[in-house]
Amino acid sequence: MRRNTRLPAALLAVLLTAALSTACGSDDDNDGKAGASGGSAPDKVTYITGFGTFGREAYAYVAQDKGYFSDAGVSVTIQPGQGSAISLAALAGGRAQFAPVDLSSTIMQVGGGKVSGVTAVAAVHQTTDAAVMALADSGISKPADLEGKKIADPAGSVIGALFPAYAKLAGFDADKVDFVNLEPQQLGVNLAAGKVDAVGQYRVGRPNIENAVKGKEVVVLPFGKFLTESYGSAVTTTTKIAEEDPDLVRRFTSALFKGMRYAIDHPEEAAELLAKKHPTVNEKAAAAEIELVGEAVQPKEDGAPIGTMDRERVAGAIKALVDAGAVKSGLTPEQLVSFDLVPKS
């Protein structure tokens, strides 16, 4: 898999520091309410969204706006994320306390020794949401059609990181695909203009791409067709917080998913709220994304709560990436997930 633009680690660190320190694009939940324990001050944390301020991220802003975080004794600063790898680096470096991170990315980053001291505590998407999207008239209708094509994907995205494993399982040569790095907001624009043949995108982001290409038919090639055991994004924190303050983890996760349930039940209202905080958001596309999120977060098991995670499925996700050559063997589910903190019925 060829990439014609690369961001050095040092530059990534600079960009991350700038992104998380800037006041523009951050949202603070500082209403002064007491913590959940009574008279104590609320716990202050920074939460990084999975990816920008698209509709799929609205649930965190809903939890903040509706007071769910403050009711749980947590004061939350929300920062737009730039992809799983950068979010993991922010968590490991203490620049954030919570973020939704694609579990496959965590497997590869932890298994490859690139990051440590992080742990997932709840699933956001019950299956991997990674996908490649193309226009129907592009000639791309199956994975093998991607050979010889140019795919745009943001730097640090889990889609680019997962692509070689996806290609191996789908039966085509990833080295015959040319990847270029673009900002999230530029993906649909460049696809519509014919500057790239396809884009990396979460399945729930399809409405945003369809809005950008102005009604043209979009083909979706989901990674989950081949990575069947994988979860998608999972609420991730540090092992230090998980071990030393499990009550904070439970309060934060509970409030976050309360916002998720409200957003799913009221997609138009959630999209409007998001657009008020971030005026560049397209409300119609955001509401459509939220509806797709509603499908993605539902557990397969009857009666299981949002956020549930199964040890055997995590083990299966690890094995799939080991078999695809994306990570070395030896990683255990417990090195990735704090199962005692995962929501249960």
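This report concerns the structure included in the present document. Given the structure is predicted, the values throughout are model-derived calculations rather than measurements. (Residues numbered from 1 in each chain as written. Predicted model: local features only at pLDDT ≥ 70, side-chain atom pairs only at ≥ 80, totals over all residues. Heavy atoms only, no water.)

1. A word on the sheet that holds strand 8 (residues 118-123)
And step 1. Sheet architecture is open: three strands sit in the order 7-14-8, paired in antiparallel fashion. Single-partner strands in this sheet number two, and they are strand 7 (99-102) and strand 8. Strand-to-strand twist of the sheet, defined as the mean angle between neighbouring strand axes without regard to direction, takes the value 50°.
And step 2. As paired elements, strand 7 and strand 14 (residues 233-238) share four bridges and run antiparallel to each other. Paired with Asp102 across the strands is Ser233, a residue of strand 14. (Pairing = 2+ DSSP bridges. Helix = DSSP H or I, 4+ residues; strand = E, 2+ residues; numbered from the N terminus. Axes fitted to C-alpha atoms, helices over the stretch in contact; angles between N-to-C directions.)

2. A closer look at helix 6 (residues 158-170)
Helical geometry: 3.6 residues make up each α-helical turn, so side chains three or four residues apart lie on a common side.
And step 1. Here helix 6 contains 13 residues, and its C-alpha end-to-end distance of 17 Å stays within 8% of the 18 Å for a straight helix at 1.5 Å per residue.
And step 2. Of all the bends in helix 6, the greatest, near 40°, is centred on Pro164.
And step 3. Count one or two residues on from helix 6 and you reach Gly171, which has phi positive near 85°. (Expected span 1.5 Å × (residues − 1). Bend = angle between axes of the 7 residues up to and from the residue.)

3. Brief notes about the pattern of salt bridges
And step 1. Evaluated as defined, the whole model comprises 12 salt bridges.
And step 2. We note a salt bridge from Glu289 to Arg56, for which the minimum N-O separation is 3.2 Å. Within this pair, whereas Glu289 is found in helix 12 (residues 283-296), its partner Arg56 is found in the loop between strand 4 (51-52) and helix 2 (58-65), the two being separated by 233 residues in sequence. Like Arg56, Glu289 is buried.
And step 3. Measuring nitrogen to oxygen at the nearest pair gives 3.1 Å for the salt bridge that ties Lys240 to Glu244. Of this pair, Lys240 and Glu244 both sit in helix 9 (residues 239-244), four residues apart, which is roughly one turn of the helix. Accessibility classification places Lys240 together with Glu244 in one group, the exposed group.
And step 4. Salt bridges linked by common partners bring Asp43, Asp247 and Arg251 together as one network. (Salt bridge = Lys/Arg side-chain N within 4 Å of Asp/Glu carboxyl O. Buried < 20%, exposed > 50% of the residue type's maximum accessible area, 1.4 Å probe, protein only.)

4. A few points about helix 4 (residues 84-92)
And step 1. Within the sequence span of helix 4, burial applies to Ser84, Ile86, Ser87, Leu88, Ala90 and Leu91.
And step 2. Positive backbone phi, at 80°, marks Gly94, one or two positions downstream of helix 4.

5. Some remarks on the pairing of strand 12 (residues 198-202)
And step 1. With five of its five residues buried, strand 12 lies for the most part within the structure.
And step 2. Neither face of strand 12 is left uncovered, since the one carrying Ala198, Gly200 and Tyr202 and the one carrying Val199 and Gln201 both have all their residues buried.
And step 3. As paired strands, strand 10 (residues 150-153) and strand 12 are joined by two bridges and run parallel to one another. Paired with Ala152 across the two strands is Val199, which belongs to strand 12.

6. Looking at the packing of aromatic side chains
And step 1. In this structure the tally under the stated criterion is 10 aromatic pairs.
And step 2. For the pair Phe163 and Phe223, a centre-to-centre distance of 6.4 Å together with 55° between the ring planes defines the contact as tilted. Taken together, the positions of Phe163 in helix 6 and Phe223 in the loop between strand 13 (218-222) and strand 14 put the pair 60 residues apart, joining distant regions of the chain. In terms of burial, Phe163 and Phe223 fall into one category: buried.
And step 3. Between Tyr166 and Phe172 the ring centres are 5.9 Å apart and the planes differ by 75°, which places this aromatic pair in the edge-to-face class.
And step 4. On the accessibility criterion, Phe172 (8% relative accessible area) is buried.
And step 5. Of note, Arg313 hangs over the ring of Tyr231, and the distance from its end group to the ring centre comes to 3.9 Å. (Phe/Tyr/Trp six-rings, centres within 6.5 Å; stacked < 30°, edge-to-face > 60°. Lys NZ or Arg CZ within 6 Å of the ring centre and 35° of its normal.)

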